[in-house]
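Inside the fold
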Amino acid sequence: MPDDSPFPHLDDAPVAPLTDGRVLLRPYEAGDVEPLYEAASESVAEIHPWMAWCHPGYTRAESAAWIAYAIEAFRARQEFGFAILDAADGRYLGGCGLNQISLLHRFANLGYWVRTSATRRGAASAATRLLARFAFERLSLVRVEIVVAVGNEASLRAAEKAGARREGVLRNRLGYDRGSVRDAVMHSLVPEDFA
């Protein structure tokens, strides 16, 4: 990267996987199309009420388009999307990422989802902590925000279990589908949370 890179601790080399020994995060790869499609298809009933992208009739073509977008956005250092894998056997568990990055204020949105058959085992909270550390150590951010729709109890639990601080309910904060909006709970993590 040139000297004026917005992320001085992140060079052009591939980003090494992040792991805590239970889960492993790595940037999306072209081979993730089928695992993403399978995980999303299995999880529509649980995820669709909160994330419109995971809808009935979700297709392999949509999976392929997302993977291509995620790879290019990561390469361009605009967003940082990661596959969440089981560290023991490599099974695709879900995805997480940093987006809506503010270079001026040095914060980003952190989002996550885990396939239905892998929930309630700590994967989302573990991924959140690994990704927040990446944001602070490699991207020099000073804050990550986790914005969760009111009522999405599984995601709220994951944020709290990751150690994120609940800051309040923001009215009409999350767009959902066809122009609808929802109130959301704001959580944050800052470097001091890892001291």
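Shown above is the structure to which this text applies.
Rules used throughout
- Residues numbered from 1 in each chain as written.
- Predicted model: local features only at pLDDT ≥ 70, side-chain atom pairs only at ≥ 80, totals over all residues.
- Heavy atoms only, no water.
- Salt bridge = Lys/Arg side-chain N within 4 Å of Asp/Glu carboxyl O.
- Buried < 20%, exposed > 50% of the residue type's maximum accessible area, 1.4 Å probe, protein only.
- Helix = DSSP H or I, 4+ residues; strand = E, 2+ residues; numbered from the N terminus.
- Phe/Tyr/Trp six-rings, centres within 6.5 Å; stacked < 30°, edge-to-face > 60°.
- Lys NZ or Arg CZ within 6 Å of the ring centre and 35° of its normal.
- Axes fitted to C-alpha atoms, helices over the stretch in contact; angles between N-to-C directions.
- Parallel < 35°, antiparallel > 145°, perpendicular 65-115°, else oblique.
- Left-handed = near helix turned anticlockwise from the far one by under 90°.
- Contact = heavy atoms within 4.5 Å.
- Pairing = 2+ DSSP bridges.

A word on the pattern of salt bridges. This structure, assessed with the given rule, holds nine salt bridges. Residues R26 and D32 are paired through a salt bridge, measuring 2.7 Å at the closest nitrogen-oxygen approach. The pair R26 / D32 is uniform in exposure class, with both members buried. Of the charged contacts in the structure, one is a salt bridge between R75 and E72, with a shortest N-O distance of 2.5 Å. In this pair, R75 and E72 both sit in helix α2 (residues 60–75), three residues apart, roughly one turn of the helix. Judged by its relative accessible area of 54%, R75 is exposed.

In the structure shown here, the tally under the stated rule is twelve aromatic pairs. Measuring from centroid to centroid gives 5.8 Å for F136 and F194, while their planes differ by 65 degrees, and the two rings are edge-to-face. Of this pair, F136 sits in helix α3 (residues 123–137) while F194 sits in the segment after β8 (181–189), and the two are 58 residues apart along the sequence. Each member of the pair, F136 as well as F194, carries the same accessibility label: buried. Over the face of the ring belonging to Y176 we find R182, whose NZ or CZ atom lies 3.9 Å from the ring centre.

Before going further, it helps to spend a moment on the packing of helix α1 (residues 33–47) against α2. Between α1 and α2, whose axes approach to 9 Å, the crossing angle comes to 125 degrees. Viewed along their axes, α1 and α2 adopt a mutual orientation that is oblique. Regarding α1 and α2, the two cross each other, and that crossing is right-handed. Each of V33, E34, L36 and Y37 in α1 lies in contact with α2, whose residues at this interface are R60, S63, A64, W66 and I67.

Another point: the sheet that holds strand β6 (residues 143–149). Pairing is mixed across the open sheet formed by eight strands, whose spatial order is β1-β2-β3-β4-β5-β6-β8-β7. Only two strands of the sheet have a single neighbouring strand rather than two, namely β1 (18–19) and β7 (165–175). In this structure, β6 lies alongside β8, joined through six bridges in antiparallel fashion. Pairing of E145 across the sheet is with S188, part of β8.

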